[in-house]
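Spelled out, the chains give:
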Amino acid sequence: MKNIVLIGMPGVGKSTIGVILAKELGYQFVDADLLIQEQEKRLLKEIISEEGIEGFIAIENQVNASIEADRTVIATGGSVVYGKEAMEHLGEIATVIYLKLSYKALRKRLGNLKNRGVVLRDGQTLKDLYEERVVLYEKYADITIDEENKNLEETLQSIIDTL
Ligand SMILES: Nc1ncnc2c1ncn2[C@@H]1O[C@H](COP(=O)(O)OP(=O)(O)OP(=O)(O)O)[C@@H](O)[C@H]1O
Ligand SMILES: O=C(O)C1=C[C@@H](O)[C@@H](O)[C@H](O)C1
Ligand SMILES: [Mg+2]
C-alpha cells in the first residue's frame, strides 16, 4: 500500500489519529506542520505573524510539494488544500483521506482559534472558513471518513475498514 495523507479542518484529528493509524499499519508517521517548523526554524504562529497568511501558505505549499515518503501516514495542516502543487504531489504519492466533521461539532471541539494558529483572514469567521475549505477537501479526497458521533477509536476503525 502506498502512503496515506490526512486532510481536513483544524481539530479534526489529523495529527492525533495519524500517529495511531501509522502504528496500527506499521507505517512511518510525518506531521507536515513539524516539517514546516523544522525547515523554517520558526513556530507556525511565528511564520504566520511574520510572513502573513499568503506567505505561510506559500511555504506550506513548497514543503508539502517536496515530501518524499514511503509507507507513511502524513498528517497535513488544515490549510494545505490552498496549495495547488502540494495537493497535486500528495495525490500522486498517497491515498488522500478527508476527515469530515460538521461545522457544529467542529466549533464545539475547537478552543481558541488564535492559539491554534489557524489561517483565518481578517473578518473571516470559522463558518466562512469551513464553507470555503469543505469544497477543497472534497475536491482532493480519495476517501471521506465521517467523524460525526464517533470517538477517536471509532474513527480510526472506520479508516482501517475502508483501506
Ligand atoms: N473523535 C475524535 N477524533 C479525533 N480527535 C478528537 C476526537 N474527539 C476529540 N478529539 C480531540 O480533538 C483534537 C484534535 O486535534 P489535532 O491536533 O489532532 O487536529 P489536527 O486535525 O491535526 O489539527 P491541525 O490542522 O491544527 O493540525 C485533539 O485534542 C483530540 O484529542
Ligand atoms: O487550518 C489551518 O489554517 C492551519 C492548521 C495548522 O495545522 C497549521 O498548518 C497552521 O497553523 C494553519
Ligand atoms: Mg495537526
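Owing to the predicted nature of the structure, the values given are computational and were not obtained by experimental measurement.

**Topic: the site of ligand 1**
Close to ligand 1 lie 16 residues, the nearest being Gly11, Lys14, Ser15, Thr16 and Arg116. A distance of 3.4 Å separates a nitrogen atom of ligand 1 from a polar backbone atom of leucine 152. Starting from 650 Å² of accessible surface for ligand 1 in isolation, the protein chains cover 72%. It is helix α1 (residues 14-25) that contributes the most residues to the shell around ligand 1, four residues altogether. Here the residues of the shell around ligand 1 are counted per class, giving five nonpolar, six polar and five charged.

**A word on the environment of arginine 116**
Relative to the elements of secondary structure, arginine 116 occurs in helix α6 (residues 113-116). Given a relative accessible area of 51%, arginine 116 falls into the exposed group. For the pair arginine 116 and proline 10, spaced 106 residues apart in the sequence, the C-alpha separation amounts to 8.1 Å. Look past the residues within four positions of arginine 116 in its chain and what remains in contact with it is Pro10, Gly11 and Leu110.

**Here we look at the packing of α1 against helix α8 (residues 152-162)**
Interaxial distance between α1 and α8 falls to 10 Å at its minimum, and their mutual angle equals 50°. One element, α1, and the other, α8, form an angle in the oblique class. Classified by chirality, the crossing of α8 by α1 is right-handed. The residues of α8 that touch α1, namely those facing Thr16, Ile17, Ile20, Leu21 and Glu24, are Leu152, Thr155, Leu156, Ile159 and Ile160.

**Details of the UniProt feature "binding site: ATP" (unreviewed entry) in the protein**
The residues that UniProt annotates with the feature "binding site: ATP" (unreviewed entry) are Gly11, Val12, Gly13, Lys14, Ser15, Thr16 and Arg116. These annotated residues cover 106 residues of sequence, and their C-alpha atoms all fall within 14.4 Å of one another, placing them together at a single site. Residue position: valine 12 is located in the loop between β1 (3-7) and α1. We classify valine 12 as buried; its relative accessible area is 2%.

Cut-offs and rules
- Residues numbered from 1 in each chain as written.
- Chains lettered and ligands numbered in written order.
- Predicted model: local features only at pLDDT ≥ 70, side-chain atom pairs only at ≥ 80, totals over all residues.
- Heavy atoms only, no water.
- Near = heavy atom within 4 Å.
- Polar contact = N/O pair within 3.5 Å; in protein donor to acceptor, adjacent residues only side chain to side chain.
- Areas by Shrake-Rupley, 256 points an atom, 1.4 Å probe, with all protein chains shown as cover.
- Helix = DSSP H or I, 4+ residues; strand = E, 2+ residues; numbered from the N terminus.
- Nonpolar A, V, L, I, M, F, W, Y, C, P; charged D, E, K, R; others polar.
- Buried < 20%, exposed > 50% of the residue type's maximum accessible area, 1.4 Å probe, protein only.
- Contact = heavy atoms within 4.5 Å.
- Axes fitted to C-alpha atoms, helices over the stretch in contact; angles between N-to-C directions.
- Parallel < 35°, antiparallel > 145°, perpendicular 65-115°, else oblique.
- Left-handed = near helix turned anticlockwise from the far one by under 90°.
- UniProt positions renumbered as here; feature names shortened; annotations may be inferred.

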